[in-house]
Amino acid sequence: MKKVIANIIVLSVVLPLILTTINSCGVSEMNEPSELEPVEIREYEGTKLSSVDDFRENSIEGPQYVDVESYQLKLTGLIENPRNYTYEEVINEHQHYKKVITLDCVEGWSVTILWEGVLVRDMLDKSGLLPDAMVVIFHAQDGYTTSLPVDYIIDNDIIMAYKMNDITLPTERGFPFQLVAESKWGYKWIRWITEIELSDDINYRGYWESRGYSNTADLDGSFLE
Amino acid sequence: MKNIAGLDFIKIVVHWLLIIVTVLYLVTGFGITEFRIVETFTFGLLTKSLAFRLHDNLLIPFVILLILHILANILLRRCKVAT
């Protein structure tokens, strides 16, 4: 009988202590908000969006892993002030824009995504375009290249995206930057951009363009020349 | 009897052509979606853009050969039943 009473006394002391400790732990965690993994959005202003996983991997060398710490975006060629940007500088020094645009791949699939990024035009304006500059050549980490006319870039508010569906571009999707070449076939949507070169070579052909793909790449025309 | 021999010959030709076109259709299809692998295996001969062109142009011959393949079988059976 004495043992039972002793056990009850011990329990009545220990149990409240345990409960108080657990409770206080919970309170301290609640006071410090934890960062949750960002989740992509699937609808924007009434438009249903595709998922970042709906893309098919079709890059020439597989996904490129870019180290953001050492990353430099080079702006070269026919501009007054060639410059190397860090990832942060590209994002912090330019106005941000959002737009829902569909990427149509020549393979037959398409994805509708909310893109967020900076205007290539803003970057070009900042560096001062020289009058001879006719073509913007984009270079990627994997050696992929493509080109677009300067007029197209300026007139169409072309975005260089760092976010899609409200999350930072995943590695497979082109981190740190992907070009959003609206109304052009998917091979103009270059990923893992490392250099933007201004050129006067209107006959320049990028990776796929030099392998028989149309250089204009307009969605309303054939992608084969 | 001559008609049946002629039909048999057509059937065999169509049959083999259909096999060739089907294989080419599949390979060029892979040449589009798995271009890195196919380019390596074909020593760079079947590029993605060539695969696109061939794949597009093979659709109509494939459908025609498939129809001929079915018709040849039906006709041959009818002829054999009649004789």
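Keep in mind it's a predicted model, so treat the numbers as computed, not measured.

A tally of regular secondary structure across chain A gives four helices and twelve strands. In chain A, of all internal contacts separated by at least 6 residues, the share reaching a separation of at least 24 is 66%. When the accessible surface of chain A is totalled, it reaches about 12,100 Å², and 52% of it is carbon and sulfur.

Let us now look at a nonpolar patch on the surface. Residues and elements named next belong to chain B. Nonpolar side chains collect at one region of the surface, where Leu59, Ile60, Val63, Ile64, Leu66, Ile67, Leu68, Ile70, Leu71 and Ile74 lie side by side and expose about 850 Å² of accessible area between them. Within the secondary structure, isoleucine 67 sits in helix α3 (residues 48–82). Among the residues examined, isoleucine 67 registers a relative accessible area of 46% and is labelled partly exposed.

Okay, empty space enclosed by the protein next. Residue and element names in this part refer to chain A. What the rule picks out here adds up to one cavity of 30 Å³ or more. In this model, the largest cavity occupies a volume close to 310 Å³. Along its surface, the largest cavity is lined by 22 residues, and Asn58, Gly186, Tyr187, Trp189 and Arg191 are the ones closest to its centre. Of the residues that constitute the lining of the largest cavity, the class distribution is 13 nonpolar, four polar and five charged.

So, on to the packing of aromatic side chains. Residue and element names in this part refer to chain A. The final tally for this structure, using the stated rule, is 16 aromatic pairs over all chains. Pairing phenylalanine 55 with tryptophan 109 gives two aromatic rings, centres 6.1 Å apart and planes at 70°, and the pair type is edge-to-face. One end of the pair, phenylalanine 55, is in the loop between β2 (47–48) and β3 (73–77); the other, tryptophan 109, is in the loop between β5 (96–104) and β6 (110–119), and 54 residues separate them in sequence. On the basis of relative accessible area, tryptophan 109 is assigned to the buried category, the value being 13%. Centre to centre, the rings of tyrosine 144 and tyrosine 207 are 5.7 Å apart; their planes meet at 40°, and the pair counts as tilted.

Attention shifts here to the confidence of the model for chain B. Of the residues in chain B, 95% have a pLDDT of 70 or more, and the chain-wide mean is 90. On the interface metric, ipTM, the complex scores 0.75, and its pTM is 0.82.

Soluble globular proteins tend to bury their nonpolar side chains together. In terms of nonpolar packing, the biggest core is built from 67 residues, with Trp115, Phe138, Met160 and Ile196 of chain A touching the most fellow members. Apart from the residues within four sequence positions on either side, methionine 160 of chain A is in contact with Leu73, Val90, Gly117, Val118, Val120, Met123, Phe177, Gln178, Leu179, Ile193 and Ile196 of chain A.

This brings us to the interface of chain B and chain A. Between chain B and chain A, the contact holds eight residues from the first and 16 residues from the second. Together chain B and chain A conceal approximately 1,000 Å² of surface at their shared face, both sides included; 54% is due to carbon and sulfur atoms. For chain B, the biggest contributors to the area lost against chain A are Arg36, Phe52 and Arg53 of chain B; these three give 45% of the whole. The interface formed by chain B and chain A holds two salt bridges in total. The residue arginine 36 of chain B makes a salt bridge to glutamate 57 of chain A at a minimum N-O spacing of 3.7 Å. Of all the elements in the fold, those that place two or more residues in the side of chain B that touches chain A are α1 (2–33), α2 (35–41) and α3 of chain B. Here the side of chain B that touches chain A gets four residues from one element, more than from any other, and that element is α3 of chain B. A breakdown of the residues in the side of chain B that touches chain A according to their chemical character gives three nonpolar, two polar and three charged.

The rules behind each value
- Residues numbered from 1 in each chain as written.
- Chains lettered and ligands numbered in written order.
- Predicted model: local features only at pLDDT ≥ 70, side-chain atom pairs only at ≥ 80, totals over all residues.
- Heavy atoms only, no water.
- Helix = DSSP H or I, 4+ residues; strand = E, 2+ residues; numbered from the N terminus.
- Contact = heavy atoms within 4.5 Å.
- Areas by Shrake-Rupley, 256 points an atom, 1.4 Å probe, with all protein chains shown as cover.
- Patch = residues over 30% accessible without salt bridge, like charges linked within 9 Å, V, L, I, M, F, W, Y side chains within 5 Å.
- Salt bridge = Lys/Arg side-chain N within 4 Å of Asp/Glu carboxyl O.
- Buried < 20%, exposed > 50% of the residue type's maximum accessible area, 1.4 Å probe, protein only.
- 1 Å grid on protein atoms, 1.4 Å probe; cavity = no way out; pocket = protein on both sides within 12 Å on 5 of 7 lines; lining within 4 Å.
- Points joined across faces, edges and corners; volume = space filled by probe spheres on them.
- Nonpolar A, V, L, I, M, F, W, Y, C, P; charged D, E, K, R; others polar.
- Phe/Tyr/Trp six-rings, centres within 6.5 Å; stacked < 30°, edge-to-face > 60°.
- pLDDT = per-residue confidence, 0-100.
- Core = buried A, V, L, I, M, F, W, Y, C linked by side-chain atoms within 4.5 Å.
- Buried area = accessible area lost by both parts, 1.4 Å probe.

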